[in-house]
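Observations on chain architecture
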Amino acid sequence: MAKKKKNVKKRDAGNTNENVFIENAGKIKEEIITDTLKTNYMPYAMSVILSRAIPEIDGLKPSHRKLLYTMYNMGLLKGGTIKSANIVGRTMQLNPHGDASIYDTLVRLSRGNESLLYPYVESKGNFGKAYSKNMMYAASRYTEAKLAPICRELFDDIDKDTVEFVDNYDSTMKEPRLLPVKFPTILCNVTTGIAVGMASSIASFNIREICQTAIALMKDEKADIFETLLAPDFVGGGYILYDRGELEKIYETGRGSVKVRAKYSYDKSYNCIEITEIPPTTTSEAIIDKIIELAKSGKIKEVSDVRDETDLKGLKITIDLKRGTNAEKLMARLYKMTPLEDSFSCNFNVLVDGTPKVRGVRELLIEWAEFRLECVRRRTQFSLNKKRRQLHLLKGLSKILLDIDKAIKIVRETQNEADVVPNLMIGFAIDEEQAEYVAEIKLRHLNREYILKRIKDIENLENETALLEKTLSSRLLMKKIIVKELEEIIKTYDAGRRSEILYSVADEAVDLEPEVADYAVTVFSSRGGYIKKIRTANMRLSGEQKLKDGDEIISTIEASNADRLLLFTSKAQVYRAVLDDLPDAKASQLGEYIPARFKFEDDESFLFSAVHKNYSGFMLFLFENGKLAKINMTSFETKGNRKKLINAFSLKSPLVSVLYIAEESDIVLSSSAGRQLLINTQSILAKDSKASNGVQVLALKKKTDRAVSMHLYNEGEFEKAWRYKSKNLPAAGALLSQADIEKGAAAD
């Protein structure tokens with residue numbers, strides 16, 4: 001037979017190129033998609049929900065519970081730490097999902113990682129930091145761990161039938177389905193998890209507040225939670241921005257959000273801000289990266305440097321400030337623009353009796369109280385059964401006291417060992433369990449003194465049994481036991497709040513524009529398209545302005561560093577900036593090349609620059625056809641922070657001159673015919689449309705005449721200024737008098 005199989009294999013191997021017939025191959029099988037989902041996907045989804053991502057009423061996910069129970073069995077509640085790799089290996093007897101996931105769980109539960117407000121694992125070595133992506137934990141072979149003292153409250157009385165035990169994954173061991181936690185762990189540590197179609201996100205609360213609230217609700221389920229439970233409390237500290245409405249939603253429905261703000265201090269001596277506590281939803285790297293991004297984009301100009309100075313003392317992000325920066329105003333903006341202020345979204349989704357349910361704080365504490373009552377009931381029943389058995393045995397022993405010699409005689413005279421217990425049962429009228437107990441007493445204890453001492457315990461046992469029976473029959477007495485345990489936990493583990501509560505936070509509109517240092521500057525722009533900003537205080541020490549060959553200065557404007565800049569181009573576009581955007585320069589430098597700095601389009605050239613404060617004043621545009629457009633500066637203002645505006649002026653006639661005036665002024669218009677017209681801008685109606693064609697101001701007598709220039713009138717520029725004025729517009733103006741020609745020549 002074996003030989004035949006061998007031949008078949010050989011024949012098949014030799015016929016690899018032959019066609020093999022497979023029944024139904026290539027045919028499309030129609031299936032109902034809902035049936036496929038139910039068969040293939042639903043079991044997986046339920047496994048994730050029930051066995052991985054969602055915590056149960058004891059505050060633990062299965063992976064947490066398996067790890068902690070393994071450490072408890074290893075005796076790590078006492079003594080020193082052991083290698084984490086050893087713990088991980090032992091835990092795989094309960095958790096078969098791989099050593100990496102087990103070690104990740106161990107790290108998160110540790111004190112060193114700072115993920116939990118009340119960590120369950122004491123750590124030794126590098127366990128990384130929850131607030132930093134770059135501070136990774138060391139491998140399990142380098143770190144050590146043991147259970148934290150608070151775990152006593154998780155495992156106390158677990159060996160007294162307080163909870164149900166179930167088989168592990170291969171039915172070789174037993175593990176607890178839940179832990180008999182003595183306090184509401186579900187609300188004392190942050191727990192997050194993403195399942196299939198649902199998620200869980202539970203905020204942490206101070207252990208004193210949550211235990212006091214649990215006590216209050218056990219006395220009265222309608223008690224006001226706000227009297228004892230102030231707000232969530234996070235391991236990273238920071239400020240909780242108190243919002244009564246949101247907290248009411250969380251307390252009653254389990255959904256809502258809590259705003260958490262970073263805590264900082266200002267070091268005046270070094271002119272820097274030191275951030276030491278951040279929200280639990282972010283990391284130090286995310287904060288630093290966002291600040292750098294804002295600084296590069298010019299949205300924050302007050303920061304000269306930002307760095308991570310976290311050390312063994314804890315988290316510290318240092319922000320160096322430029323001189324004159326108001327730290328408080330800067331932080332108000334950083335809170336709005338970076339994760340330094342963030343919201344912790346709450347979704348209190350918990351497995352209750354194997355069913356995922358979203359519960360508010362009130363309902364969760366009531367559910368926990370019911371769970372704890374069942375633990376206390378089972379523990380009391382266990383103790384009662386033990387006391388009853390002990391009492392039963394001692395009552396049998398008391399009968400032996402009546403005639404010790406008889407008991408010895410029965411044992412001595414019984415030929416077969418198997419008959420000792422039955423003979424004692426007959427001789428003293430006791431049951432088998434009592435007789436077995438008597439038979440196992442050592443020979444040295446078969447004396448009156450020993451038996452009298454043991455019989456004295458009967459009265460105490462009867463009292464204890466009566467008390468246990470009374471407790472077991474009274475829900476109120478069991479509640480009193482739980483309350484007493486909670487009070488002891490408060491005394492033992494309360495270390496005060498980590499997160500400070502800000503009850504009144506000014507909800508004022510924060511100006512997100514960068515704070516600009518205000519100092520006097522002089523702005524030079526050249527015909528070749530260069531612009532430079534020089535501190536006015538340095539102008540005395542400055543020499544001649546450096547220019548490229550053939551270039552010339554076309555405007556010199558004295559302003560403030562906080563003033564706004566408008567740059568008009570040949571394509572009727574205007575580029576907007578703040579003078580602070582330009583670096584401080586020196587006379588010996590060419591300055592910034594405008595087309596490159598502001599990314600002009602191809603064939604676009606610089607025409608004119610205007611410096612103004614808060615879009616006040618007017619822009620004047622003189623066109624070749626003699627028309628003048630007077631545009632309100634507010635027309636160049638937008639709600640957004642756009643850097644470029646199109647249609648900055650009309651292109652119907654060539655533009656010959658541009659002028660900015662902060663207020664109504666006298667201006668001089670010149671034509672190609674050599675005529676000058678002196679007008680006051682009040683005579684021109686201001687327009688709101690940037691692309692206005694303007695109004696005819698210069699009357700051009702010949703078709704070849706055109707407007708050529710415009711400038712502000714300088715007092716005393718004309719000997720008889722009235723000669724160049726006109727009562728009506730448009731007007732041709734007047735030719736320069738001989739005296740004015742000579743005056744102009746002398747000025748040149």
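Above this text you will find the structure in question.
Quick caveat: nothing in here was measured; it's all calculated off a predicted structure.

**Digging into the state of the cysteines**
Within this structure, the stated rule accounts for zero disulfides. In this structure Cys346 is a free cysteine whose sulfur lies 14 Å from that of Cys188, the closest cysteine sulfur available. Owing to a relative accessible area of 5%, Cys346 belongs among the buried residues under this scheme. Cysteine Cys375 shares no disulfide, and the gap to the nearest cysteine sulfur, in Cys211, comes to 15 Å.

**Focus on the packing of helix H3 (residues 62–73) against helix H5 (residues 99–109)**
Each pair of packed helices can be described by the angle between their axes along with the distance between the axes. At a minimum axis separation of 10 Å, H3 and H5 run at an interaxial angle of 80 degrees. Taken together, the axes of H3 and H5 lie roughly perpendicular to each other. Each of Ser63, His64, Leu67, Leu68 and Met71 in H3 lies in contact with H5, whose residues at this interface are Ile102, Thr105, Leu106, Arg108 and Leu109. Across the contact of H3 with H5, the residue classes break down as six nonpolar, three polar and one charged.

**Section: a negative patch on the surface**
On the surface, Glu417, Glu432, Glu436 and Glu440 cluster together into a patch of negative charge. Assignment of secondary structure puts Glu440 in the loop between helix H14 (432–439) and helix H15 (448–472).

**Brief notes about the layout of surface pockets**
Its volume calculated, the second largest pocket comes out at about 660 Å³. Lining the second largest pocket are 26 residues; nearest its centre among them are Ser51, Arg52, Lys61, Pro62 and Ser63. Among the secondary structure elements, those contributing two or more residues to the lining of the second largest pocket are helix H2 (33–53), H3, H5, strand E5 (174–176) and strand E6 (191–194). Of the residues forming the lining of the second largest pocket, the biggest block, five residues, is contributed by H3.

**Description of a nonpolar patch on the surface**
A cluster of nonpolar residues, Ile33, Leu37, Tyr41 and Tyr44, forms a patch on the protein surface that exposes about 420 Å² of accessible area. Residue placement: Tyr44 occurs in helix H2.

**Details of empty space enclosed by the protein**
All told, the structure shown has four cavities of 30 Å³ or more when counted by the stated rule. Approximately 90 Å³ is the volume attributed to the largest cavity. Around the largest cavity, the lining residues are Ala214, Leu217, Met218, Glu221, Leu365, Ile366, Ala369, Glu370, Leu373, Arg475 and Lys479. Elements supplying a minimum of two residues to the lining of the largest cavity: helix H7 (207–219), helix H11 (361–401) and helix H16 (475–493). The leading source of residues in the lining of the largest cavity is H11, at five residues. Class assignment of the residues belonging to the lining of the largest cavity gives a composition of seven nonpolar, no polar and four charged. Estimated volume of the second largest cavity: approximately 60 Å³. Lining the second largest cavity are Gly59, Leu60, His64, Arg108, Leu109, Leu116, Tyr120, Thr185, Asn189, Val190 and Thr191.

**Some words on the side chain of Ser201**
Position of Ser201 relative to the elements: it lies in strand E7 (residues 199–202). Looking at Ser201, the relative accessible area reads 14%, which means it is buried. At a separation of 2.7 Å, a polar atom in the side chain of Ser201 contacts the main-chain carbonyl oxygen of Ser345. Here Ser201 is in contact with Thr191, Thr192, Phe344, Ser345, Cys346, Asn347 and Phe348, once residues within four sequence places are set aside.

**Looking at the environment of Ala216**
Here Ala216 lies in helix H7. Spatially, the C-alpha atom of Ala216 lies 9.5 Å from that of Glu227, the residues being 11 residues apart in sequence.

**What to know about the pairing of E6**
Of the two faces of E6, only the one carrying Thr191 and Gly193 is buried; Thr192 and Ile194 on the other face are not. Examined bridge by bridge, E6 and E7 share four bridges and lie antiparallel to one another. Bridging across to E7, Gly193 finds its partner in Ser200.

**Some details on the sheet that holds strand E23 (residues 592–593)**
With respect to topology, four strands assemble into an open sheet ordered E20-E18-E19-E23, the strand pairing being antiparallel. Only two strands of the sheet have a single partner each, and these edge strands are strand E20 (553–560) and E23. Sheet topology note: the strand E19 (residues 530–535)/E23 ladder contains two bridges and is antiparallel. Counted as the bridge partner of Tyr530 is Tyr593 from E23.

**Observations concerning helix H8 (residues 244–253)**
Turning to H8, its buried residues number three or more, namely Glu246, Leu247, Ile250 and Tyr251. Viewed along the axis of H8, the buried residues span an arc of 130 degrees, placing them on a single side of the element. N-cap assignment for H8: the residue whose side-chain oxygen lies 3.1 Å from the backbone N of Gly245 is Asp243.

**As for the pattern of salt bridges**
What the rule picks out here adds up to 46 salt bridges. With its nearest N and O atoms 2.8 Å apart, the salt bridge here joins Glu114 to Lys129. Taken together, the residues span a long stretch of sequence, with Glu114 in the loop between H5 and strand E2 (121–124) and Lys129 in the loop between E2 and strand E3 (144–147) at a distance of 15 residues. With a shortest N-O distance of 1.9 Å, Lys301 and Asp581 are connected by a salt bridge. Of the two residues, Lys301 is situated in the loop between helix H9 (284–296) and strand E12 (303–308) and Asp581 in the loop between strand E22 (574–578) and E23; the sequence distance between them amounts to 280 residues. Lys301 gets classed as buried once you look at its relative accessible area, which sits at 14%.

Quick notes on the rules
- Residues numbered from 1 in each chain as written.
- Predicted model: local features only at pLDDT ≥ 70, side-chain atom pairs only at ≥ 80, totals over all residues.
- Heavy atoms only, no water.
- Disulfide = S-S within 2.5 Å.
- Buried < 20%, exposed > 50% of the residue type's maximum accessible area, 1.4 Å probe, protein only.
- Axes fitted to C-alpha atoms, helices over the stretch in contact; angles between N-to-C directions.
- Helix = DSSP H or I, 4+ residues; strand = E, 2+ residues; numbered from the N terminus.
- Parallel < 35°, antiparallel > 145°, perpendicular 65-115°, else oblique.
- Contact = heavy atoms within 4.5 Å.
- Nonpolar A, V, L, I, M, F, W, Y, C, P; charged D, E, K, R; others polar.
- Patch = residues over 30% accessible without salt bridge, like charges linked within 9 Å, V, L, I, M, F, W, Y side chains within 5 Å.
- Areas by Shrake-Rupley, 256 points an atom, 1.4 Å probe, with all protein chains shown as cover.
- Salt bridge = Lys/Arg side-chain N within 4 Å of Asp/Glu carboxyl O.
- Lys, Arg positive; Asp, Glu negative; His and termini not counted.
- Charge placed at Lys NZ, Arg CZ, Asp CG, Glu CD.
- 1 Å grid on protein atoms, 1.4 Å probe; cavity = no way out; pocket = protein on both sides within 12 Å on 5 of 7 lines; lining within 4 Å.
- Points joined across faces, edges and corners; volume = space filled by probe spheres on them.
- Polar contact = N/O pair within 3.5 Å; in protein donor to acceptor, adjacent residues only side chain to side chain.
- Pairing = 2+ DSSP bridges.
- Arc of directions from axis to C-beta.

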